[in-house]
There are 2 protein chains.
Amino acid sequence: MQISELSDRSGLTVQTIKFYIREGLLPKGSAVSATRSEYDRRHLERLRLISALREVGDLPVAAIQQIIAAIDDDGVSLHELFGTTQYAIGPHVAAPHDPHWRAAREDVDALIRELGWSVTPRAPARDLLAHTFVALRRLGFPITLTDLRPYVRAATEVAEHEMARVTDEASRARTVQSLLVSTVLYEQVLTALHRLAQEDASARRFGTG
Amino acid sequence: MQISELSDRSGLTVQTIKFYIREGLLPKGSAVSATRSEYDRRHLERLRLISALREVGDLPVAAIQQIIAAIDDDGVSLHELFGTTQYAIGPHVAAPHDPHWRAAREDVDALIRELGWSVTPRAPARDLLAHTFVALRRLGFPITLTDLRPYVRAATEVAEHEMARVTDEASRARTVQSLLVSTVLYEQVLTALHRLAQEDASARRFGTG
(Lines give C-alpha, C1' and ligand atoms only; values in the text may rest on other atoms or scores of the structure.)
Protein backbone atom coordinates (compact mmCIF):
# COMPACT_ATOMS: atom_id res chain seq x y z
CA MET A 1 0.00 0.00 0.00
CA GLN A 2 1.04 3.62 -0.46
CA ILE A 3 1.65 6.01 2.41
CA SER A 4 -1.79 7.61 1.90
CA GLU A 5 -3.50 4.25 2.51
CA LEU A 6 -1.22 3.60 5.50
CA SER A 7 -2.35 6.97 6.83
CA ASP A 8 -6.03 6.14 6.30
CA ARG A 9 -5.79 2.73 7.93
CA SER A 10 -3.68 3.84 10.91
CA GLY A 11 -5.56 7.09 11.48
CA LEU A 12 -2.21 8.95 11.59
CA THR A 13 -1.31 11.81 9.27
CA VAL A 14 1.31 11.30 6.55
CA GLN A 15 3.42 13.89 8.40
CA THR A 16 3.34 11.85 11.62
CA ILE A 17 4.25 8.66 9.74
CA LYS A 18 7.22 10.42 8.11
CA PHE A 19 8.29 11.71 11.53
CA TYR A 20 8.29 8.15 12.90
CA ILE A 21 10.40 6.98 9.93
CA ARG A 22 12.93 9.80 10.52
CA GLU A 23 13.12 8.91 14.22
CA GLY A 24 13.81 5.28 13.35
CA LEU A 25 10.57 4.04 14.96
CA LEU A 26 9.18 2.75 11.66
CA PRO A 27 11.24 1.07 8.89
CA LYS A 28 11.25 2.77 5.50
CA GLY A 29 8.92 1.35 2.86
CA SER A 30 10.44 -0.43 -0.14
CA ALA A 31 11.12 2.10 -2.91
CA VAL A 32 9.10 1.31 -6.04
CA SER A 33 10.01 4.56 -7.83
CA ALA A 34 11.96 7.73 -7.08
CA THR A 35 8.95 9.26 -5.31
CA ARG A 36 6.93 6.24 -4.17
CA SER A 37 7.44 3.65 -1.46
CA GLU A 38 5.38 0.58 -0.74
CA TYR A 39 4.25 -0.33 2.81
CA ASP A 40 2.80 -3.57 4.16
CA ARG A 41 0.90 -5.03 7.13
CA ARG A 42 3.97 -4.94 9.36
CA HIS A 43 4.15 -1.17 8.97
CA LEU A 44 0.52 -0.88 9.99
CA GLU A 45 1.01 -3.16 13.00
CA ARG A 46 4.07 -1.17 14.05
CA LEU A 47 2.14 2.11 13.79
CA ARG A 48 -0.61 0.72 15.99
CA LEU A 49 1.99 -0.24 18.60
CA ILE A 50 3.61 3.22 18.48
CA SER A 51 0.20 4.88 18.86
CA ALA A 52 -0.62 2.69 21.84
CA LEU A 53 2.74 3.43 23.48
CA ARG A 54 2.29 7.15 22.94
CA GLU A 55 -1.37 7.47 23.85
CA VAL A 56 -1.75 4.91 26.60
CA GLY A 57 1.76 4.82 28.01
CA ASP A 58 2.36 8.54 27.37
CA LEU A 59 5.91 7.54 26.40
CA PRO A 60 8.56 9.80 24.86
CA VAL A 61 10.15 8.83 21.54
CA ALA A 62 13.38 7.65 23.24
CA ALA A 63 11.49 5.12 25.39
CA ILE A 64 9.55 3.89 22.35
CA GLN A 65 12.83 3.40 20.44
CA GLN A 66 14.12 1.27 23.32
CA ILE A 67 10.99 -0.90 23.39
CA ILE A 68 10.99 -1.36 19.61
CA ALA A 69 14.68 -2.33 19.64
CA ALA A 70 13.86 -4.96 22.28
CA ILE A 71 10.92 -6.28 20.19
CA ASP A 72 13.11 -6.56 17.09
CA ASP A 73 15.94 -8.34 18.95
CA ASP A 74 14.97 -11.99 19.30
CA GLY A 75 17.83 -12.42 21.79
CA VAL A 76 15.73 -10.44 24.29
CA SER A 77 13.44 -12.81 26.21
CA LEU A 78 9.74 -12.06 26.64
CA HIS A 79 10.40 -11.48 30.35
CA GLU A 80 13.10 -8.86 29.61
CA LEU A 81 10.82 -7.30 27.00
CA PHE A 82 8.02 -6.96 29.56
CA GLY A 83 10.49 -5.39 31.99
CA THR A 84 11.67 -2.85 29.41
CA THR A 85 8.07 -1.88 28.68
CA GLN A 86 6.85 -1.77 32.27
CA TYR A 87 9.85 0.19 33.56
CA ALA A 88 9.46 2.70 30.71
CA ILE A 89 5.82 3.35 31.66
CA GLY A 90 6.82 4.37 35.18
CA PRO A 91 5.50 6.23 37.07
CA HIS A 92 8.96 7.32 38.16
CA VAL A 93 8.45 8.93 41.54
CA ALA A 94 11.32 11.01 42.90
CA ALA A 95 13.05 9.34 45.85
CA PRO A 96 13.82 12.09 48.37
CA HIS A 97 16.87 11.53 50.57
CA ASP A 98 15.21 11.60 53.95
CA PRO A 99 14.90 9.02 56.72
CA HIS A 100 11.11 8.54 56.28
CA TRP A 101 11.63 7.65 52.65
CA ARG A 102 14.52 5.29 53.39
CA ALA A 103 12.49 3.51 56.09
CA ALA A 104 9.53 3.12 53.73
CA ARG A 105 11.71 1.82 50.91
CA GLU A 106 13.26 -0.71 53.31
CA ASP A 107 9.77 -1.84 54.29
CA VAL A 108 8.92 -2.33 50.62
CA ASP A 109 12.07 -4.34 50.01
CA ALA A 110 11.37 -6.48 53.09
CA LEU A 111 7.79 -7.06 51.91
CA ILE A 112 8.93 -8.23 48.47
CA ARG A 113 11.50 -10.55 50.05
CA GLU A 114 8.86 -11.95 52.40
CA LEU A 115 6.47 -12.57 49.50
CA GLY A 116 9.32 -14.25 47.64
CA TRP A 117 8.63 -12.15 44.56
CA SER A 118 11.19 -12.05 41.79
CA VAL A 119 11.48 -8.29 41.16
CA THR A 120 14.66 -6.36 40.29
CA PRO A 121 15.93 -3.75 42.81
CA ARG A 122 15.46 -0.99 40.20
CA ALA A 123 11.74 -1.68 39.52
CA PRO A 124 9.97 1.73 39.61
CA ALA A 125 7.00 0.15 41.39
CA ARG A 126 9.18 -0.29 44.51
CA ASP A 127 9.51 3.50 44.75
CA LEU A 128 5.83 4.02 43.96
CA LEU A 129 4.88 1.72 46.84
CA ALA A 130 7.39 3.41 49.18
CA HIS A 131 5.85 6.76 48.21
CA THR A 132 2.37 5.62 49.31
CA PHE A 133 3.79 4.20 52.57
CA VAL A 134 5.29 7.62 53.39
CA ALA A 135 1.98 9.38 52.63
CA LEU A 136 -0.06 6.90 54.69
CA ARG A 137 2.27 7.23 57.67
CA ARG A 138 2.20 11.01 57.51
CA LEU A 139 -1.63 10.95 57.56
CA GLY A 140 -1.70 8.70 60.63
CA PHE A 141 -2.50 5.45 58.80
CA PRO A 142 0.72 3.46 59.15
CA ILE A 143 0.62 0.33 57.05
CA THR A 144 1.08 -3.21 58.32
CA LEU A 145 1.56 -6.48 56.51
CA THR A 146 -1.92 -7.54 57.67
CA ASP A 147 -3.47 -4.42 56.12
CA LEU A 148 -1.71 -5.20 52.87
CA ARG A 149 -2.78 -8.81 52.61
CA PRO A 150 -6.08 -8.30 50.70
CA TYR A 151 -4.32 -5.95 48.26
CA VAL A 152 -1.46 -8.39 47.71
CA ARG A 153 -3.98 -11.16 47.05
CA ALA A 154 -5.98 -9.02 44.61
CA ALA A 155 -2.84 -7.86 42.76
CA THR A 156 -1.49 -11.40 42.49
CA GLU A 157 -4.75 -12.84 41.15
CA VAL A 158 -5.03 -10.15 38.51
CA ALA A 159 -1.37 -10.44 37.45
CA GLU A 160 -1.56 -14.25 37.23
CA HIS A 161 -4.63 -13.95 35.03
CA GLU A 162 -2.89 -11.42 32.77
CA MET A 163 0.25 -13.53 32.32
CA ALA A 164 -1.80 -16.68 31.69
CA ARG A 165 -3.53 -14.79 28.84
CA VAL A 166 -0.22 -14.23 27.01
CA THR A 167 0.06 -16.78 24.19
CA ASP A 168 3.10 -17.74 22.12
CA GLU A 169 1.02 -17.35 18.98
CA ALA A 170 0.76 -13.56 18.94
CA SER A 171 3.63 -11.46 17.58
CA ARG A 172 6.02 -9.87 20.08
CA ALA A 173 4.66 -6.45 19.12
CA ARG A 174 1.08 -7.49 19.84
CA THR A 175 2.16 -9.13 23.11
CA VAL A 176 3.86 -5.94 24.30
CA GLN A 177 0.80 -3.92 23.32
CA SER A 178 -1.40 -6.30 25.28
CA LEU A 179 0.83 -6.01 28.35
CA LEU A 180 0.78 -2.23 28.08
CA VAL A 181 -3.00 -2.28 27.95
CA SER A 182 -3.17 -4.61 30.96
CA THR A 183 -0.85 -2.40 32.91
CA VAL A 184 -2.24 1.04 32.16
CA LEU A 185 -5.85 0.60 31.06
CA TYR A 186 -6.84 -2.37 33.19
CA GLU A 187 -5.46 -0.54 36.22
CA GLN A 188 -8.01 2.18 35.45
CA VAL A 189 -10.65 -0.52 35.05
CA LEU A 190 -9.66 -1.86 38.48
CA THR A 191 -9.81 1.64 40.00
CA ALA A 192 -13.28 2.28 38.58
CA LEU A 193 -14.54 -1.14 39.70
CA HIS A 194 -13.04 -0.53 43.15
CA ARG A 195 -15.05 2.69 43.54
CA LEU A 196 -18.24 1.00 42.35
CA ALA A 197 -17.67 -1.98 44.66
CA GLN A 198 -17.02 0.41 47.56
CA GLU A 199 -20.34 2.15 46.97
CA ASP A 200 -22.15 -1.19 46.81
CA ALA A 201 -20.43 -2.47 49.97
CA SER A 202 -21.28 0.78 51.75
CA ALA A 203 -24.93 0.56 50.63
CA ARG A 204 -25.21 -2.96 52.03
CA ARG A 205 -23.47 -2.07 55.28
CA PHE A 206 -24.64 1.50 56.00
CA GLY A 207 -27.49 2.19 53.58
CA THR A 208 -30.86 3.13 54.95
CA GLY A 209 -32.92 2.08 51.96
CA MET B 1 -4.19 25.68 73.03
CA GLN B 2 -3.31 28.89 71.21
CA ILE B 3 -3.18 29.21 67.45
CA SER B 4 0.65 28.95 67.49
CA GLU B 5 0.46 25.53 69.15
CA LEU B 6 -2.32 24.46 66.74
CA SER B 7 0.04 25.48 63.93
CA ASP B 8 2.92 23.47 65.39
CA ARG B 9 0.84 20.37 65.96
CA SER B 10 -0.95 20.44 62.59
CA GLY B 11 2.10 21.43 60.57
CA LEU B 12 0.06 24.21 58.95
CA THR B 13 1.00 27.89 59.06
CA VAL B 14 -1.08 30.32 61.15
CA GLN B 15 -1.98 32.04 57.86
CA THR B 16 -3.40 28.80 56.41
CA ILE B 17 -5.38 28.12 59.60
CA LYS B 18 -6.87 31.64 59.47
CA PHE B 19 -7.75 31.10 55.81
CA TYR B 20 -9.64 27.90 56.72
CA ILE B 21 -11.53 29.78 59.46
CA ARG B 22 -12.49 32.57 57.02
CA GLU B 23 -13.67 29.96 54.47
CA GLY B 24 -15.84 28.30 57.11
CA LEU B 25 -13.89 25.03 57.02
CA LEU B 26 -12.73 25.36 60.62
CA PRO B 27 -14.86 26.72 63.49
CA LYS B 28 -13.54 29.80 65.28
CA GLY B 29 -11.75 29.23 68.58
CA SER B 30 -13.43 30.42 71.78
CA ALA B 31 -12.37 34.00 72.49
CA VAL B 32 -10.49 34.30 75.79
CA SER B 33 -9.48 37.94 75.27
CA ALA B 34 -9.80 40.59 72.56
CA THR B 35 -6.75 39.20 70.72
CA ARG B 36 -6.59 35.56 71.81
CA SER B 37 -8.69 32.50 71.04
CA GLU B 38 -8.46 29.04 72.49
CA TYR B 39 -8.50 25.91 70.30
CA ASP B 40 -8.96 22.27 71.27
CA ARG B 41 -8.47 18.71 69.97
CA ARG B 42 -11.47 18.97 67.64
CA HIS B 43 -9.79 21.84 65.82
CA LEU B 44 -6.66 19.76 65.38
CA GLU B 45 -8.64 16.75 64.13
CA ARG B 46 -10.53 18.97 61.70
CA LEU B 47 -7.28 20.44 60.36
CA ARG B 48 -5.90 16.94 59.78
CA LEU B 49 -9.03 16.06 57.82
CA ILE B 50 -8.80 19.24 55.71
CA SER B 51 -5.13 18.54 54.98
CA ALA B 52 -5.92 15.00 53.93
CA LEU B 53 -8.76 16.15 51.67
CA ARG B 54 -6.55 18.79 50.09
CA GLU B 55 -3.36 16.78 49.72
CA VAL B 56 -4.65 13.30 49.01
CA GLY B 57 -7.96 14.10 47.37
CA ASP B 58 -6.66 17.26 45.70
CA LEU B 59 -10.05 18.78 46.49
CA PRO B 60 -11.05 22.43 46.05
CA VAL B 61 -12.36 24.38 49.05
CA ALA B 62 -15.98 24.15 47.83
CA ALA B 63 -15.88 20.33 47.83
CA ILE B 64 -14.28 20.30 51.29
CA GLN B 65 -17.04 22.61 52.57
CA GLN B 66 -19.62 20.13 51.27
CA ILE B 67 -17.94 17.15 52.93
CA ILE B 68 -17.55 18.98 56.23
CA ALA B 69 -21.20 20.04 56.19
CA ALA B 70 -22.15 16.37 55.68
CA ILE B 71 -19.89 15.28 58.56
CA ASP B 72 -21.44 17.86 60.90
CA ASP B 73 -25.02 16.94 59.95
CA ASP B 74 -25.96 13.80 61.89
CA GLY B 75 -29.02 13.44 59.67
CA VAL B 76 -26.66 12.39 56.87
CA SER B 77 -26.09 8.62 57.02
CA LEU B 78 -22.60 7.16 56.83
CA HIS B 79 -23.49 5.76 53.40
CA GLU B 80 -24.48 9.22 52.09
CA LEU B 81 -21.36 10.70 53.65
CA PHE B 82 -19.18 8.17 51.84
CA GLY B 83 -20.97 8.99 48.60
CA THR B 84 -20.41 12.74 49.06
CA THR B 85 -16.70 12.12 49.67
CA GLN B 86 -16.16 9.60 46.89
CA TYR B 87 -18.07 11.60 44.29
CA ALA B 88 -16.10 14.73 45.21
CA ILE B 89 -12.79 12.93 44.64
CA GLY B 90 -13.76 12.06 41.08
CA PRO B 91 -12.00 11.65 38.69
CA HIS B 92 -14.67 13.40 36.66
CA VAL B 93 -14.03 12.36 33.08
CA ALA B 94 -15.78 14.33 30.36
CA ALA B 95 -18.53 12.32 28.66
CA PRO B 96 -18.32 13.11 24.93
CA HIS B 97 -21.57 12.88 22.99
CA ASP B 98 -20.62 10.24 20.46
CA PRO B 99 -21.99 6.76 19.72
CA HIS B 100 -18.85 4.93 20.98
CA TRP B 101 -19.13 6.62 24.32
CA ARG B 102 -22.87 5.98 24.60
CA ALA B 103 -22.37 2.28 23.76
CA ALA B 104 -19.60 1.98 26.36
CA ARG B 105 -21.67 3.72 29.02
CA GLU B 106 -24.59 1.36 28.27
CA ASP B 107 -22.22 -1.59 28.70
CA VAL B 108 -21.13 -0.23 32.07
CA ASP B 109 -24.73 0.23 33.20
CA ALA B 110 -25.58 -3.30 32.03
CA LEU B 111 -22.55 -4.70 33.89
CA ILE B 112 -23.55 -2.99 37.15
CA ARG B 113 -27.12 -4.28 36.79
CA GLU B 114 -25.85 -7.78 36.10
CA LEU B 115 -23.59 -7.68 39.15
CA GLY B 116 -26.57 -6.44 41.17
CA TRP B 117 -24.50 -3.58 42.58
CA SER B 118 -26.24 -0.73 44.36
CA VAL B 119 -24.65 2.31 42.71
CA THR B 120 -26.38 5.59 41.81
CA PRO B 121 -26.66 6.51 38.10
CA ARG B 122 -24.56 9.64 38.71
CA ALA B 123 -21.52 7.83 40.22
CA PRO B 124 -18.41 9.28 38.49
CA ALA B 125 -16.84 5.79 38.42
CA ARG B 126 -19.44 4.75 35.81
CA ASP B 127 -18.01 7.33 33.42
CA LEU B 128 -14.42 6.40 34.33
CA LEU B 129 -15.13 2.77 33.47
CA ALA B 130 -16.89 3.75 30.21
CA HIS B 131 -13.84 5.85 29.34
CA THR B 132 -11.51 2.84 29.65
CA PHE B 133 -13.93 0.68 27.61
CA VAL B 134 -13.76 3.23 24.75
CA ALA B 135 -9.94 3.32 24.87
CA LEU B 136 -9.65 -0.49 24.96
CA ARG B 137 -11.98 -0.89 21.99
CA ARG B 138 -10.13 1.74 19.97
CA LEU B 139 -6.85 -0.12 20.56
CA GLY B 140 -8.32 -3.40 19.39
CA PHE B 141 -8.84 -4.95 22.83
CA PRO B 142 -12.63 -5.00 23.17
CA ILE B 143 -13.68 -5.96 26.66
CA THR B 144 -15.95 -8.88 27.56
CA LEU B 145 -17.59 -9.83 30.81
CA THR B 146 -15.23 -12.84 31.04
CA ASP B 147 -12.18 -10.56 30.77
CA LEU B 148 -13.58 -8.42 33.56
CA ARG B 149 -14.30 -11.21 36.00
CA PRO B 150 -10.88 -11.32 37.76
CA TYR B 151 -10.93 -7.53 38.11
CA VAL B 152 -14.46 -7.54 39.49
CA ARG B 153 -13.46 -10.21 42.00
CA ALA B 154 -10.33 -8.32 43.07
CA ALA B 155 -12.23 -5.01 43.41
CA THR B 156 -15.02 -6.64 45.42
CA GLU B 157 -12.67 -8.38 47.84
CA VAL B 158 -10.74 -5.18 48.49
CA ALA B 159 -13.89 -3.06 48.92
CA GLU B 160 -15.48 -5.60 51.30
CA HIS B 161 -12.31 -5.58 53.38
CA GLU B 162 -12.29 -1.78 53.51
CA MET B 163 -15.93 -1.49 54.56
CA ALA B 164 -15.51 -4.22 57.18
CA ARG B 165 -12.70 -2.13 58.69
CA VAL B 166 -15.02 0.83 59.34
CA THR B 167 -16.02 0.84 62.99
CA ASP B 168 -18.76 2.77 64.73
CA GLU B 169 -16.27 3.84 67.38
CA ALA B 170 -14.28 6.31 65.29
CA SER B 171 -15.60 9.85 64.77
CA ARG B 172 -17.32 10.61 61.47
CA ALA B 173 -14.37 12.85 60.52
CA ARG B 174 -11.87 10.05 61.09
CA THR B 175 -14.09 7.60 59.21
CA VAL B 176 -14.27 9.88 56.16
CA GLN B 177 -10.51 10.37 56.30
CA SER B 178 -10.00 6.63 56.42
CA LEU B 179 -12.30 6.12 53.42
CA LEU B 180 -10.45 8.81 51.50
CA VAL B 181 -7.16 7.09 52.24
CA SER B 182 -8.57 3.73 51.16
CA THR B 183 -9.87 5.21 47.96
CA VAL B 184 -6.93 7.30 46.83
CA LEU B 185 -3.81 5.95 48.53
CA TYR B 186 -4.69 2.26 48.67
CA GLU B 187 -5.52 2.41 44.97
CA GLN B 188 -1.91 3.52 44.45
CA VAL B 189 -0.80 0.67 46.72
CA LEU B 190 -2.82 -1.72 44.56
CA THR B 191 -1.30 -0.29 41.36
CA ALA B 192 2.24 -0.67 42.70
CA LEU B 193 1.56 -4.21 43.93
CA HIS B 194 -0.01 -5.05 40.57
CA ARG B 195 3.17 -4.03 38.74
CA LEU B 196 5.35 -5.99 41.16
CA ALA B 197 3.11 -9.05 40.91
CA GLN B 198 3.19 -8.78 37.09
CA GLU B 199 6.98 -8.81 37.11
CA ASP B 200 7.04 -11.83 39.40
CA ALA B 201 4.44 -13.70 37.32
CA SER B 202 6.40 -12.88 34.16
CA ALA B 203 9.67 -14.12 35.77
CA ARG B 204 8.04 -17.42 36.67
CA ARG B 205 6.42 -17.86 33.25
CA PHE B 206 8.98 -16.37 30.85
CA GLY B 207 12.17 -15.83 32.86
CA THR B 208 15.35 -17.54 31.73
CA GLY B 209 17.11 -17.58 35.09
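Everything below is about the structure printed above this text.
In what follows, the accompanying structure is described. (Residues numbered from 1 in each chain as written. Chains lettered and ligands numbered in written order. Predicted model: local features only at pLDDT ≥ 70, side-chain atom pairs only at ≥ 80, totals over all residues. Heavy atoms only, no water.)

With that settled, consider the nonpolar core. Counting residues in hydrophobic clusters, the biggest one holds 151 residues, and the most contacted among them are Leu129 and Leu193 of chain A together with Leu129 and Leu193 of chain B. Setting aside anything within four residues of it in sequence, one finds Leu129 of chain A in contact with Val108 and Leu111 of chain A together with Val189, Ala192, Leu193 and Leu196 of chain B. (Core = buried A, V, L, I, M, F, W, Y, C linked by side-chain atoms within 4.5 Å. Buried < 20%, exposed > 50% of the residue type's maximum accessible area, 1.4 Å probe, protein only. Contact = heavy atoms within 4.5 Å.)

Our next topic: the environment of Leu190 of chain B. Along the chain, Leu190 of chain B falls in helix α9 (residues 172–206). In this structure, the C-alpha to C-alpha distance between Leu190 of chain B and Val158 of chain B, residues 32 residues apart in sequence, is 9.5 Å. Apart from residues lying up to four places away in sequence, Leu190 of chain B is in contact with Tyr151, Ala154, Ala155 and Leu190 of chain A. (Helix = DSSP H or I, 4+ residues; strand = E, 2+ residues; numbered from the N terminus.)

With that settled, consider the pattern of salt bridges. All names here are of chain B. One pass over the structure, following the stated rule, counts 24 salt bridges over all chains. Note that Asp107 is salt-bridged to Arg137, the shortest N-O span being 2.7 Å. Residue Asp107 is found in helix α6 (residues 99–115), and its partner Arg137 is found in helix α7 (residues 124–138); the two are separated by 30 residues along the sequence. You can call Asp107 partly exposed: its relative accessible area is 34%. Arg204 is the salt-bridge partner of Asp200, the closest N and O atoms lying 3.1 Å from each other. (Salt bridge = Lys/Arg side-chain N within 4 Å of Asp/Glu carboxyl O.)

Here we take up the packing of helix α9 (residues 172–206) of chain A against α9 of chain B. Running from N to C, α9 of chain A and α9 of chain B point in directions that differ by 150°, and their axes come no closer than 11 Å. One finds that α9 of chain A runs roughly antiparallel with respect to α9 of chain B. Crossing of α9 of chain A over α9 of chain B shows right-handed handedness. Across the interface between the two elements, Leu179, Ser182, Thr183, Glu187, Leu190, Thr191, His194, Arg195 and Gln198 of chain A of α9 of chain A pack against Leu179, Ser182, Thr183, Glu187, Leu190, Thr191, His194, Arg195 and Gln198 of chain B of α9 of chain B. Residues that form the contact of α9 of chain A with α9 of chain B fall into these classes: 4 nonpolar, 10 polar and 4 charged. (Axes fitted to C-alpha atoms, helices over the stretch in contact; angles between N-to-C directions. Parallel < 35°, antiparallel > 145°, perpendicular 65-115°, else oblique. Left-handed = near helix turned anticlockwise from the far one by under 90°. Nonpolar A, V, L, I, M, F, W, Y, C, P; charged D, E, K, R; others polar.)

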